[in-house]
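# Summary of structural features
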Amino acid sequence: MLKRSIATIALSCVAALAVTGCNDEKRNEQKMTVVHGKTMGTFYTVNVTGGFKGGEEALKKLSDDTFNRICDIISTFDKNAELAKVNEYHDTKPYEISRELGKIIQETVYQGRRIDGATDISVGPLVNLWGFGKDKKKNQAPTSEEIQETLKLVGLDKFEIRTDSEKSYLVKHNENVRLDLATVGEGLGADALCRKLIELGYTDFMVSVAGASRSYGVNSKGLKWRLGVEDPTTPERKVLFPICALDKAVTTAGSYRNFFKDDKTGTVYSHAIDPKTGYPVSHHTLSVTVISDSAFESDALDTGLLVLGADKALEFGEKNNIPIATVEYENGKTVIRHTNNFKKYIDCAKNIK
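Quick look at the structure, then.

What counts as what
- Residues numbered from 1 in each chain as written.
- Predicted model: local features only at pLDDT ≥ 70, side-chain atom pairs only at ≥ 80, totals over all residues.
- Heavy atoms only, no water.
- Helix = DSSP H or I, 4+ residues; strand = E, 2+ residues; numbered from the N terminus.
- Buried < 20%, exposed > 50% of the residue type's maximum accessible area, 1.4 Å probe, protein only.
- Pairing = 2+ DSSP bridges.
- Salt bridge = Lys/Arg side-chain N within 4 Å of Asp/Glu carboxyl O.
- Axes fitted to C-alpha atoms, helices over the stretch in contact; angles between N-to-C directions.
- Parallel < 35°, antiparallel > 145°, perpendicular 65-115°, else oblique.
- Left-handed = near helix turned anticlockwise from the far one by under 90°.
- Contact = heavy atoms within 4.5 Å.
- Polar contact = N/O pair within 3.5 Å; in protein donor to acceptor, adjacent residues only side chain to side chain.

Attention now moves to unusual backbone geometry. For Asp 116, which is not a glycine, the phi torsion comes out positive at approximately 60°. In this fold, Asp 116 is placed in the loop between helix H4 (99–114) and helix H5 (124–129). Of note in this structure, Asn 331 is not a glycine but carries a positive phi near 55°. With respect to the element layout, Asn 331 can be found in the loop between strand E15 (324–330) and strand E16 (333–338).

Written as structure tokens, this is what we have:
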């Protein structure tokens, strides 16, 4: 269910020496419980300042159980997951689903409509057609006829959620519509574990699931949590600029390491597909970082904003008071832009010594 290459990474003291000036003194550090694992086709890291009751084993179990529950609902790879079963239902009659899945779909559609349908959870058939889905990558672009035929299955108007006092139903307006919630999976996981930790009384922690993170409080040195927005122009993982999370959710969508080259034409195609045209985007925006109160909201917006491109992404951020940063590559140079309210997250990281 991996949506993107990792574009937001937690900065450890070792990794951040060049940009944050971490102090090597350890004597004032608090105990930290840190666990790593795999979920949703990617990797996660959880840091709890002050230690977690039961240690790494207990924290690992809590994390895995939490993420597995999300996967049981939204996975399209596990045939026993609820969404996978929905996708195997080929009929236009209402199909009963859980209230939780119904709510996730409704809220994701709402976020997509905020950005003119650029985030579209029915886009999977197009992604697969271009060779970025479950099938193998292709070495030749699909024909315009293939794209037009596939577009019949794509669009926020191709399905709907109906609810009554007790039940929720998915209605497909084309029996072959398939939904994919990978675009919000990492955010859902980060939010869910964040809620669990808060319920258990923890106030200082960071949860990172690939390009989505939630954090509160401070790290083991008593400093605000810092993240690194990755440089999308280098083959190796390298931090382009650091930010403080400031008790917010941070997600990044990037198009820079997932592409294919047409053997006939030599054209390079991004994996970011515009659900309206059916074609990969052709602008120079390589990543979009979104900060909000929930990783789900940020995750539901970042991919669509990447599709729209930097200009429209920043315009949306300014209009809706959502901190957004974009990375573009133009004329051989990396260009970083951000909304006015994103600046404090950058300044915070600069001021931490």
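Moving on: the pairing of strand E6 (residues 168–172). The buried fraction of E6 is high, at 4 of 5 residues. The pairing of strand E4 (residues 95–97) with E6 spans 3 bridges and is antiparallel. Paired with Tyr 95 across the two strands is Leu 170, which belongs to E6. Both strand E5 (residues 159–163) and E6 contribute to a ladder of 5 bridges, which runs antiparallel. Each bridged residue has a counterpart across the sheet, and for Thr 163 the counterpart in E6 is Ser 168. Between the end of E5 and the start of E6, which pair antiparallel, lie 4 residues.

Time to look at the pairing of strand E11 (residues 249–254). Along E11, 6 of the 6 residues are buried, which leaves the element largely enclosed by surrounding structure. Here E11 shows no split at all, with Ala 249, Thr 251 and Ala 253 on one side and Val 250, Thr 252 and Gly 254 on the other all buried. One ladder, built from 3 bridges, connects strand E8 (residues 212–216) with E11; its direction is antiparallel. By the bridge assignment for E11, Ala 212 is matched with Thr 251. Pairing of E11 with strand E14 (residues 285–292) involves 6 bridges; the strand directions are antiparallel.

With that out of the way, let us pick up the pattern of salt bridges. Counted by the stated rule, this structure contains 15 salt bridges. Linking Arg 69 and Glu 100 is a salt bridge whose minimum nitrogen-to-oxygen distance equals 2.7 Å. Here Glu 100 lies in helix H4 and Arg 69 lies in helix H2 (residues 55–74), a separation of 31 residues in the sequence. With a relative accessible area of 33%, Glu 100 lands in the partly exposed category.

The subject of this paragraph is the packing of helix H7 (residues 182–199) against helix H8 (residues 295–308). With their axes 7 Å apart at the nearest point, H7 and H8 run at an angle of 165° to one another. In terms of orientation, H7 and H8 fall into the roughly antiparallel class. The chirality of how H7 crosses H8 is right-handed. On H8, the residues touching Thr 183, Val 184, Gly 185, Glu 186, Gly 187, Leu 188, Ala 190 and Asp 191 of H7 are Ala 295, Phe 296, Asp 299, Ala 300 and Thr 303.

Within the secondary structure, Thr 252 sits in strand E11. With relative accessibility at 0%, the residue Thr 252 sits in the buried group. Within polar-contact distance, the side chain of Thr 252 engages the side chain of Thr 289 at 2.8 Å.

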